[in-house]
Amino acid sequence: MRAFFVLILSLFFLTATAQKKTAFVSGKVVDENDKPLPKVSVVILGKSTGTLTDDSGRFKIKVPAEKAFALVFTFSGYKETQKNFYLSNNEEETTTIPMEVGGKTLEAITVTDDNQRKEMGLAKINPKNALTLPSTIGGVEGLIKILVGSNNELTSQYSVRGGNYDENLIYINDFEIFRPYLVRSGQQEGLSFINPEMAKNVNFYNGGFQAKYGDKMSSVLDIQYKKPKAFGGTVYVSLLEQGLHLEGANKKGNVTYLFGVRNKSNKNLLSSQETVGSYIPSSADLQTFITYKISEKLQLELLGNYSVTKFTLFPQSAQKTTSVFSPLFTANLGLDINFEGKEQDGYKTSLLGLSMLYNPNKKVKLKWMLSRFEDKENENFDIAGAYLFGDRDFDNSSSTFGQIINPLGAGYYQNYGRNTLDIAVYNASLKGSIDKGKHFIQFGNSIEQTNINDKLREWEYQDSAGYSLPYNPANLNLFKVLNSTADLSIQKFSGYVQDNIRLGNNKKDISLQAGIRYNYNSLNKEFLVSPRMQLSFKPQWKKDVLLKFAAGVYDQPPFYRELRKYNGTLNTNVKAQKSYQVVAGMDYSFKGSESRPFRLTTEAYYKSITDVDVYDVDNVKIRYAGNNDAKAYATGVEARLFGELVKDAESWLSIGFMRTKENLNNDYYYQYKNAAGEIINAKSTDQVPVDSIKNEVGWVRRPTDRLITVGLYMEDYLPTNKNFKVHLNMLYGSNMSYNIPNSVKYRNALIIDPYIRIDIGFSAQLLSEKSKRRSHSPFKDFENIWASFEVFNLIDRPNTISYQLIKDFANNIYSIPNRLTPRLVNFKIVARF
């Protein structure tokens, strides 16, 4: 682990510590008539500082020696000019640079809104990086995982500060977005709802968020789609995903449109899984966002989405291996499974949202919203497997290489399921704001009708060593049976009011954000009130430092999954999980080498959670206990550094330390003693227990507990050409816990090894300089075309996502890891017009 952190820090600060050798370039810059050009900017490519030519057009600049570099010459009204060099130590080269008329005028500098720094937990994400990010899932969620960590490259879902996937809110243009619920593994997932090519602003809050956001405990992803002013679009093709997006506006500018269509298939990814078989995954979606400005005060907006995901699997066989090391023995254990049957799943989601925005004056804004969301899912699987478990031979000189040579267990199992889920959510909302100078008041209220129709039909048969489990000589029993239906109609009412107050003046910048929200639902008839506040203060220090504090109540009423118990039945009396959270942080902006901007944010947080509905996580499937029989906490510290190691190339480093634990009510177990006072197995047939000891389990790790998370994103380009770039995505997460089903004593006692993954991408701009193309060129309307080659899991690490528990002939239980994807490659072409 120490070596890993040394590697990260070395990569991030390498440019600042390298020993430099120097040379000089001097010369003259002239126009097309050989007249000298004064005040021409001369900068080393990738640097932010340089020099200007004098009144005679002459310049002299110190440059790196014994390495390739490029000088970039820019002057308003002239085309940018670049020249490459390679000089020896202390060498000086003289050159003349001609510049052509017709370049772009210098662009205005974009100033970041300082108010965004005042918001607790806010990280702004550039959606343009979503297509260039080397990642199996890509998209906005792939960028978020660098900030919060991950343990599964096949899913777009993420865990924030000890919460699970169900604790995250997602909004697009103020409409709440829902995900499919029956998905069991990342390989079944399709496209994320979010189309990054249509996004303009992406705000991610990882805690301490405002009262205007909904009733969940962990995070908010708030996305606003673009309102384009001119025609444009993007088309991209890769081995995993293909997409097209178009945007534009009418001549008057009062109608704008966005249109996006995407298709994704993970077949190339899944073909390398441990389970060999025929994988047929597919996912496609269609999105649109249209605005119509009726007048200066009134505007209509329409957001639509339709998505279809299908997953079919005909499994054939699987070979899994794990190693056991102990002071007594070492073994390579293998599990061979031969399958028959198939799995066929389908997920359809649709959203239609209509908004009306009315601004009666410059200080008052109102927004009425109507939406309908529907989610239809079905699971159909009937898969049987015959397995052999034992020592695997890894001697490649042996005739039995790769085979199980010492069987420890054998058996047969069959999983059957016919599950359907139909969720429809109707919502009517009003949101508004009033600007009163030092007070900015926001308010909202919504009414929601949720209809849930669910049918669960599952059973599992297990046969070990010729005996069906649980063993009963008189009857053939199934190992597990789930058989239930649900038809729920739930009404929800929620609302909020909050005030952003500016308390300071020019010398003391103090901002207070205080609000309160309520929530009531007809299912459990629980009325919740959640006060929340944020305070930011900018002290009069020489350094640009902002101090922040937030505290509030974050309650999460049950939606669907929280109601279903392990045995499949529903408990409609489940109450909301309740938490209070405290966060303190600092935001420090500074200039790095060559005056490049950097930003360091740190936050420390504590969550106390009551009425906890405990859960287990298997891959991406969350199974709740369906009650409120626990309490929990999460506490940690996070630090993030944003900046440019080279000019115009984004990079950031995120490090987090976190601990989250839970304490179940009445979780205890007994240890039994024989007549000699020795601890014995209660099921032993040769010893009689005469005494027992009651042991309270107490605090245990939660399924999302992870002490250390590290994320690194880096961009760079060739020192002689900006059109050749490299993108690096690195993730590290320390070990996590995994639950042994039906075990009180060993709840969450299994350990999943640390997750380490490095993805890298190489990009080349194939087409640029639109003005140089001929009028009859087939590419005359394209802004640029990029080609990328990506390597996923560069170090080829076999990360573990879960365990399969197997019994041997002596009834001992072994855990066999289920692995994620190995090293793979991808090719992508992106064209913008």
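Novice: Let's hear about the environment of Met730: which residues, and what values?
Specialist: Within the fold, Met730 resides in strand 38 (residues 721–733). Separated by 209 residues in sequence, Met730 and Asn521 place their C-alpha atoms 42 Å apart.

Novice: Quick rundown of the sheet that holds strand 3 (residues 50–52)? Include the residues and the values.
Specialist: Read across the open sheet, the four strands follow the order 3-2-5-6; overall the sheet is antiparallel. Edge positions in the sheet fall to strand 3 and strand 6 (81–86), since each has one partner strand and no second. Within the sheet, the average angular offset between the axes of one strand and its neighbour, ignoring direction, is 20°. Relative to strand 6, strand 5 (residues 68–74) runs antiparallel, the two sharing six bridges. Across the sheet, the residue bridging to Phe69 is Phe85, located in strand 6.

Novice: Please provide a residue-by-residue account of the side chain of Asp808, values included.
Specialist: Looking at where Asp808 falls in the secondary structure, it is placed in the loop between strand 43 (800–807) and strand 44 (813–819). Among buried Asp, Glu, Lys and Arg side chains, Asp808 stands out as unpaired, with Lys807 the closest opposite charge at 8.9 Å. At 2.7 Å, the side chain of Asp808 and the backbone nitrogen of Asn812 are in polar contact. At 3.5 Å, the side chain of Asp808 and the side chain of Tyr814 are in polar contact. If we ignore the near neighbours within four places in the chain, the residues touching Asp808 are Phe389, Leu408, Gly409 and Tyr814.

Novice: I'd like to hear about the side chain of Glu374, residue by residue, with values.
Specialist: Within the secondary structure, Glu374 sits in strand 19 (residues 364–392). Here Arg372 takes part through its side chain, which lies 2.9 Å from a polar atom of the side chain of Glu374. Dropping the residues within four chain positions of it, Glu374 is found in contact with Lys348, Thr349, Ser350, Asp422, Ile423 and Ala424.

Novice: I'd like a rundown of the confidence of the model for the chain, residues and numbers included.
Specialist: Averaged over every residue, the pLDDT of the chain is 87; residues scoring 70 or more account for 92%. Across residues 1–18, confidence stays below pLDDT 50; counting only partners more than four residues off in sequence or on other chains, it has 23 contacts. Predicted confidence for residues 103–112 stays below pLDDT 50, and this span has seven contacts to residues more than four positions away or in other chains.

Novice: Describe the nonpolar core, naming the residues involved and giving the relevant values.
Specialist: Of all hydrophobic cores here, the largest spans 55 residues; its most connected members are Phe204, Leu221 and Tyr225. Per-element accounting of this core gives the leading share, six residues, to helix 3 (residues 139–148). Each residue touching Tyr225, except ones within four places of it in the same chain, is listed here: Ile172, Asn173, Phe193, Ile194, Asn195, Met198, Ala199, Lys200, Leu258, Gln287, Phe289 and Leu303.

Novice: Can you explain the sheet that holds strand 9 (residues 168–172)? Please cite residues and give values.
Specialist: Pairing in this open sheet of five strands is mixed, and the strands run 8-11-12-9-10 from one edge to the other. Of all strands in the sheet, those with a lone pairing partner are strand 8 (122–124) and strand 10 (175–176), marking the two edges. Looking at chain direction, strand 11 (residues 199–205) and strand 12 (residues 219–225) are connected through six bridges and run antiparallel. Directly across from Phe204, in strand 12, lies its bridge partner Leu221.

Novice: Mind laying out helix 3, listing which residues take part and the relevant values?
Specialist: Burial analysis of helix 3 places ten of its ten residues in the buried class, which makes it a mostly covered element. Residues of helix 3 that are buried include every one of Gly139, Val140, Glu141, Gly142, Leu143, Ile144, Lys145, Ile146, Leu147 and Val148, and no others. Within two residues after helix 3, Gly149 carries a phi angle of roughly 95°, on the positive side.

Novice: Now, about the environment of Trp699: what can you tell me, with residues and values included?
Specialist: Checked against the element boundaries, Trp699 lands in strand 36 (residues 699–701). Given a relative accessible area of 39%, Trp699 falls into the partly exposed group. Here Trp699 is in contact with Lys631, Ala632, Tyr633, Lys661, Glu662 and Asn663, once residues within four sequence places are set aside.

Novice: Let's hear about a nonpolar patch on the surface: which residues, and what values?
Specialist: A cluster of nonpolar residues, Leu239, Phe762, Phe789, Val825, Phe827 and Ile829, forms a patch on the protein surface that exposes about 540 Å² of accessible area. With three residues, the top contributor of residues to the nonpolar patch is strand 45 (residues 824–832). Tracing the sequence through the fold places Leu239 in the loop between strand 13 (232–238) and strand 14 (241–249).

Novice: Tell me about the packing of aromatic side chains, and please be specific about residues and values.
Specialist: Tallying each qualifying case throughout the model produces 30 aromatic pairs. Between Tyr205 and Tyr213, the aromatic rings sit 5.3 Å apart at their centres with planes inclined by 45°, giving tilted as the arrangement. Overall, the relative accessible area of 5% leaves Tyr213 in the buried class. Summarising the aromatic geometry, the rings of Phe782 and Phe833 are spaced 5.8 Å apart at their centres and angled 80° between planes, so their arrangement reads as edge-to-face.

Novice: Could you give an account of the pairing of strand 38, naming the residues involved and the relevant values?
Specialist: One ladder, built from ten bridges, connects strand 37 (residues 708–718) with strand 38; its direction is antiparallel. Its bridge partner lying in strand 38, Tyr717 is registered against Lys725. With ten bridges joining them, strand 38 and strand 41 (residues 755–767) adopt antiparallel strand pairing. By the bridge assignment for strand 41, Val726 is matched with Phe762.

Novice: How would you summarise the pattern of salt bridges if you had to cite specific residues and measurements?
Specialist: Counted according to the given criterion, the structure contains 37 salt bridges. Notably, a salt bridge pairs Asp587 with Arg117, separated by 3.0 Å at the nearest N-O pair. Highlighted residues: Asp587 in strand 27 (residues 577–591) and Arg117 in the loop between strand 7 (92–98) and strand 8, separated in sequence by 470 residues. We note that Asp587, like Arg117, is buried. Put simply, Asp174 and Lys367 hold a salt bridge, and the shortest N to O gap is 2.8 Å. A residue pair is termed long-range when its members are at least 10 positions apart, and Asp174 in the loop between strand 9 and strand 10 and Lys367 in strand 19 qualify at 193 residues. For Asp174, a relative accessible area of 23% translates into the label partly exposed. Taking the relative accessible area as the measure of exposure, Lys367 reaches 10% and is therefore buried.

About the cut-offs
- Residues numbered from 1 in each chain as written.
- Predicted model: local features only at pLDDT ≥ 70, side-chain atom pairs only at ≥ 80, totals over all residues.
- Heavy atoms only, no water.
- Helix = DSSP H or I, 4+ residues; strand = E, 2+ residues; numbered from the N terminus.
- Pairing = 2+ DSSP bridges.
- Axes fitted to C-alpha atoms, helices over the stretch in contact; angles between N-to-C directions.
- Buried < 20%, exposed > 50% of the residue type's maximum accessible area, 1.4 Å probe, protein only.
- Lys, Arg positive; Asp, Glu negative; His and termini not counted.
- Salt bridge = Lys/Arg side-chain N within 4 Å of Asp/Glu carboxyl O.
- Polar contact = N/O pair within 3.5 Å; in protein donor to acceptor, adjacent residues only side chain to side chain.
- Contact = heavy atoms within 4.5 Å.
- pLDDT = per-residue confidence, 0-100.
- Core = buried A, V, L, I, M, F, W, Y, C linked by side-chain atoms within 4.5 Å.
- Patch = residues over 30% accessible without salt bridge, like charges linked within 9 Å, V, L, I, M, F, W, Y side chains within 5 Å.
- Areas by Shrake-Rupley, 256 points an atom, 1.4 Å probe, with all protein chains shown as cover.
- Phe/Tyr/Trp six-rings, centres within 6.5 Å; stacked < 30°, edge-to-face > 60°.

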